[in-house]
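Inside the fold
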Amino acid sequence: MITVSENAKAHALELIAAENHPEGTFIRVGVEGGGCSGLSYKLEFDHNVKVGDQMFEDKGIKIVVDRKSFLYLVGTELEYTGGLNGKGFVFNNPNASRTCGCGESFSV
């Protein structure tokens, strides 16, 4: 399962409303090759479920992930931070054995 912090939930709902996304919009997360640690996180708003997608709901927020990415993201919490390193969504991934300094890429 992939979970969402209260802070991430609040910011996701704000963005969905501000960007006029249609009803049924969810957060699509994934993993792709690249970044300084080998794998990079992807995050976008979507409203089309694809074959093989897995859907989770936490705190009223729907999260969709493709089957391959789920293997790397199981147990991850999506957080939103406004800290000194900039603000944005952050993946708290218990499967990552190493992350880069900016937190946008990881390795297992």
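Read on for an overview of the structure.

Calculation notes
- Residues numbered from 1 in each chain as written.
- Predicted model: local features only at pLDDT ≥ 70, side-chain atom pairs only at ≥ 80, totals over all residues.
- Heavy atoms only, no water.
- Salt bridge = Lys/Arg side-chain N within 4 Å of Asp/Glu carboxyl O.
- Helix = DSSP H or I, 4+ residues; strand = E, 2+ residues; numbered from the N terminus.
- Buried < 20%, exposed > 50% of the residue type's maximum accessible area, 1.4 Å probe, protein only.
- Phe/Tyr/Trp six-rings, centres within 6.5 Å; stacked < 30°, edge-to-face > 60°.
- Polar contact = N/O pair within 3.5 Å; in protein donor to acceptor, adjacent residues only side chain to side chain.
- Core = buried A, V, L, I, M, F, W, Y, C linked by side-chain atoms within 4.5 Å.
- Contact = heavy atoms within 4.5 Å.

1. Things to note about the pattern of salt bridges
- One pass over the structure, following the stated rule, counts three salt bridges.
- A salt bridge links Arg28 to Asp46, with the nearest nitrogen and oxygen atoms 2.8 Å apart. Placement of Arg28 in strand S2 (residues 26–33) and of Asp46 in strand S3 (residues 39–46) is noted, with a sequence separation of 18 residues between them. Neither Arg28 nor Asp46 differs from the other in exposure class; each is buried.
- Residue Arg28 is classed as buried on the basis of its relative accessible area of 7%.
- A cluster of three or more residues bridged by salt bridges with shared partners is formed by Arg28, Asp46 and Asp53.

2. Some words on the packing of aromatic side chains
- Taken as a whole, this structure holds three aromatic pairs when the rule is applied.
- On the numbers, 5.3 Å between centres and 25 degrees between planes, the contact of Phe56 with Phe70 is stacked. With a gap of 14 residues between them, Phe56 in strand S4 (residues 54–58) and Phe70 in helix H2 (residues 67–73) connect regions that are remote in the sequence. Across this residue pair, the class does not change: Phe56 and Phe70 are buried.

3. Some thoughts on the side chain of Asn93
- Inspection of the secondary structure assignment puts Asn93 in the loop between strand S7 (86–92) and strand S8 (98–99).
- Taking the relative accessible area as the measure of exposure, Asn93 reaches 11% and is therefore buried.
- There is a polar contact of 3.3 Å between the side chain of Asn93 and the side chain of Tyr41.
- Here the side chain of Asn93 touches Tyr72 through a polar contact of 3.0 Å, landing on its backbone oxygen.

4. Points about the nonpolar core
- Membership of the largest hydrophobic core comes to 20 residues, with the highest contact counts inside it found for Ile2, Ile27, Val29, Val65 and Leu73.
- Of all the secondary-structure elements, those providing two or more residues to this core are helix H1 (6–18), S2, S3, strand S5 (61–65), H2 and strand S6 (77–83).
- For Val65, the residues in contact, after removing those within four places along its chain, are Ile2, Val29, Gly52, Asp53, Gln54, Phe56, Phe70 and Leu73.

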